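Report on the structure
Given next are the chains, with one letter for each unit.
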Amino acid sequence: MEKTPDDYFDGLFPPDPMLAKVKEEIQKRGMPDISVAPGYGRLLTLLTASSGAKRALEIGALAGYSGICIARGLPEDGRLTSLELRPDYAELALANLAAAGYGDRAESIVGDALGSLSRLEEEGRRFDLIFIDADKENYLNYLERAIRLAHPGAVIAADNTLLRGRTLNSDKQGPAVLAVREFNRVIATDPRLLSAHLPAYDGLALAMVR
Ligand SMILES: C[S@@+](CC[C@H](N)C(=O)[O-])C[C@H]1O[C@@H](n2cnc3c(N)ncnc32)[C@H](O)[C@@H]1O
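Read on for a plain summary of the structure. Quantities reported herein were computed from a predicted structural model and do not represent experimental measurements.

Calculation notes
Residues numbered from 1 in each chain as written. Predicted model: local features only at pLDDT ≥ 70, side-chain atom pairs only at ≥ 80, totals over all residues. Helix = DSSP H or I, 4+ residues; strand = E, 2+ residues; numbered from the N terminus. Rg over C-alpha atoms; globule rule 2.2 N^0.38 Å. Contact = placed C-beta atoms within 7 Å. Pairing = 2+ DSSP bridges. Axes fitted to C-alpha atoms, helices over the stretch in contact; angles between N-to-C directions. Near = placed C-beta within 6 Å. Nonpolar A, V, L, I, M, F, W, Y, C, P; charged D, E, K, R; others polar. Buried ≥ 20, exposed ≤ 12 C-beta atoms within 10 Å, placed from the backbone. Core = buried A, V, L, I, M, F, W, Y, C linked by C-beta atoms within 7 Å.

This part is about the overall build of the protein chain. Each helix and strand in the protein chain was counted, giving eight helices and seven strands. Computed over its C-alpha atoms, the radius of gyration of the protein chain comes to 16 Å, within 12% of the 17 Å expected for a compact globule of 210 residues. Here the C-alpha coordinates of the protein chain stretch approximately 50 × 40 × 30 Å along the principal axes. Contacts in the protein chain between residues at least 24 apart in sequence constitute 69% of all its contacts with a sequence separation of at least 6.

Now the structure itself:
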C-alpha cells in the first residue's frame with residue numbers, strides 16, 4: 001500500500017518516545033486525540049528555535065504534546081506559559097512537560113483563555129511566540145489578544161484553519177466555521193502582520209507581528 005506523505009516524512013525521523021508517551025496517555029484516559037500532527041510539532045520546535053523566542057505562550061494545552069514541541073525550541077532560560085480550560089488536562093500537560101525535562105520552564109494557567117489572556121495583558125507580560133490551538137469560535141479574539149501580547153517580531157501560529165475542509169465548504173455556516181474564516185481573512189490582510197497560510201495538515205496559519 002502506498003504511504004501517505006505524512007507517513008513517509010514521519011518515518012524519516014527517529015522514534016520520539018516522549019511524544020509517543022503523551023499519545024499513549026491520551027488514549028489511556030480516553031481524551032480526544034487532537035494534538036498537533038508530528039510534522040507540525042517539529043515545525044513548532046523549529047519556529048521557536050529559529051525565531052530565538054524566549055517567552056512562548058500556548059492557548060490550548062490538552063496533554064502537552066505541542067507544549068513539549070515548543071519547549072524543545074526554547075533556550076535554557078526560556079519559559080512556556082500554557083493556557084488550558086480543564087484542570088485535569090492542564091495537570092497532565094504539566095506532568096508530561098516535566099517528564100520531558102521541561103518542568104522548570106513551563107507554567108500552566110487554568111481557566112477560560114480569554115480571561116487568562118486579559119490577566120497576562122494587565123500584568124504587562126509579553127511573548128515572542130504564541131500558538132493558538134483552542135476553541136475555534138474564539139480564534140479571532142485570540143488573534144487580537146495575541147497581537148497585543150506580542151513583542152515586535154513575535155511569531156503567531158495557529159492550527160486547524162481548514163477545519164477538515166469545512167472552512168472551504170460554503171454550505172457550512174456554523175459559528176466555528178464563520179469564526180475561522182474571519183480569522184483566516186484577518187491573518188491574510190491585517191497590516192500589523194506579515195503572514196502565510198499553509199494548506200498542510202488541518203491548515204496552519206503563520207504570522208510575524210511587525
Ligand atoms: C486541540 S486541543 C490542544 C492541543 C494541543 N495544543 C496539542 O497540540 O498538544 C484544544 C485544547 O483547548 C482547550 N480549550 C478549549 N476551550 C478553551 C478555552 N475557552 N480556554 C482555554 N482552553 C480551552 C481544550 O480543553 C483542549 O485541551
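As a further point, take the sheet that holds strand 6 (residues 193–198). Note: strands within a sheet are paired through backbone hydrogen bonds, in either parallel or antiparallel orientation. The strand order across the open sheet formed by seven strands is 3-2-1-4-5-7-6, and the pairing between neighbours is mixed. Strands with a single pairing partner mark the edges of an open sheet, and in this sheet they are strand 3 (106–110) and strand 6. Pairs of neighbouring strands in the sheet enclose a mean axial angle of 15°, with direction left out of account. Summarising the sheet, strand 6 and strand 7 (residues 204–209) pair through six bridges and their orientation is antiparallel. Paired with Leu193 across the two strands is Val209, which belongs to strand 7.

Another aspect to go through is the site of the ligand. Lining the immediate surroundings of the ligand are 18 residues, of which Gly60, Tyr65, Ser66, Leu85 and Ala113 lie closest. Those elements giving two or more residues to the shell around the ligand turn out to be helix 4 (65–73) and strand 2 (79–84). Counted by class, the shell around the ligand contains ten nonpolar, three polar and five charged residues.

Taken across its nine residues, helix 4 has eight buried, putting it largely inside the fold. Along helix 4, the residues classified as buried are Tyr65, Ser66, Gly67, Ile68, Cys69, Ile70, Ala71 and Gly73.

Moving on, we come to the nonpolar core. When a protein is soluble and globular, its nonpolar side chains tend to lie buried together. Formed by 59 residues in total, the largest nonpolar core has its most connected members in Ile68, Ile70, Ala93, Leu129, Ile130, Ile132 and Ile156. If near-sequence neighbours (up to four positions away) are discounted, Ile130 is found in contact with Leu57, Ala146, Leu149, Ala150, Ala154 and Ile156.

Here we take up unusual backbone geometry. Non-glycine residue Asn160 carries a positive phi angle of around 70°. With respect to the helices and strands, Asn160 occurs in the loop between strand 5 (150–159) and helix 8 (175–189). Take Asn160: there are 23 C-beta atoms within 10 Å of it, and that puts it in the buried class. The phi dihedral of Tyr201 is positive, around 50°, even though this residue is not glycine.

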